[in-house]
Amino acid sequence: MAKKTSGSNDKKPADKKAGKGNAKAEESGDKKGKGGGSGALKLATSVNVRHILCEKQSRALEALQKIQEGQRFDKVAQEYSEDKAKAGGSLGWQVRGSMVGAFQDAAFALQPSTVDKPILSPLVKTQFGYHIIMVEGRK
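Rules used throughout
Residues numbered from 1 in each chain as written. Predicted model: local features only at pLDDT ≥ 70, side-chain atom pairs only at ≥ 80, totals over all residues. Heavy atoms only, no water. Buried < 20%, exposed > 50% of the residue type's maximum accessible area, 1.4 Å probe, protein only. Helix = DSSP H or I, 4+ residues; strand = E, 2+ residues; numbered from the N terminus. Arc of directions from axis to C-beta. Contact = heavy atoms within 4.5 Å. Pairing = 2+ DSSP bridges. Axes fitted to C-alpha atoms, helices over the stretch in contact; angles between N-to-C directions. Polar contact = N/O pair within 3.5 Å; in protein donor to acceptor, adjacent residues only side chain to side chain.

A. Region of interest: helix α3 (residues 73–80). Where α3 is concerned, the buried positions are F73, D74, V76, A77 and Y80. The buried residues of α3 occupy an angular sector of 160° when projected down its axis, which confines them to one face. Looking at the buried positions of α3, the neighbouring elements they touch are β1 (46–54), α2 (57–68) and β4 (129–138).

Written out as structure tokens, the structure reads:
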């Protein structure tokens with residue numbers, strides 16, 4: 001009997017290891033197939049992105065507050081953004097690799113939304129300043 005018990009003990013750790021490996025495979029499958037479990041985001045190679053860029057965090061927070069109060073993203077961008085994309089903050093379609101790291105990560109994590117009801121990133125700090133980002137489309 002002792003041999004059978006040790007034999008079953010040997011199988012249990014092997015089963016556990018197999019279980020862990022299967023769980024990891026399932027988790028990575030979920031990330032690719034369902035966009036981290038939300039089910040809404042599929043893997044995209046480009047995003048139609050808008051942003052508001054402010055050199056100072058206080059100005060970016062002020063812009064963020066205006067949007068949260070219900071003002072349109074494009075109108076707030078025209079008033080607050082300090083970059084060349086004054087046309088409502090639109091940067092157009094951007095592909096992976098064309099944006100700086102933190103900006104790109106935030107942009108590809110966002111669900112598409114509209115300027116009147118935007119889904120926003122938290123403030124994103126890059127070498128250019130503080131960004132508020134929204135995405136209008138993914139492909």
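B. Expanded view of the sheet that holds strand β3 (residues 124–126). If you walk across this open sheet you meet the four strands as β2-β1-β4-β3, and the pairing is antiparallel. Edge positions in the open sheet fall to β2 (90–95) and β3, since each of these has one partner strand only. Going across the sheet, the axis of each strand differs from the next one's by a mean of 45°, ignoring polarity. Relative to β2, β1 runs antiparallel, the two sharing five bridges. The residue bridging R50 from the neighbouring strand is S90, located in β2. Across the sheet, α2 touches β1 and β4, and the angle it forms with β4 is around 35°. Against the sheet, α3 engages β1 and β4, with an angle of about 45° to β1.

C. Molecular detail of the side chain of S113. One can find S113 in the loop between α4 (101–109) and β3. Owing to a relative accessible area of 11%, S113 belongs among the buried residues under this scheme. For S113, the side chain forms a polar contact with the main-chain nitrogen of I119, separated by 2.8 Å. If sequence neighbours within four positions are ignored, S113 has contacts with P118, I119, M134, V135 and E136.

Distances and angles like these do not, on their own, reveal function.
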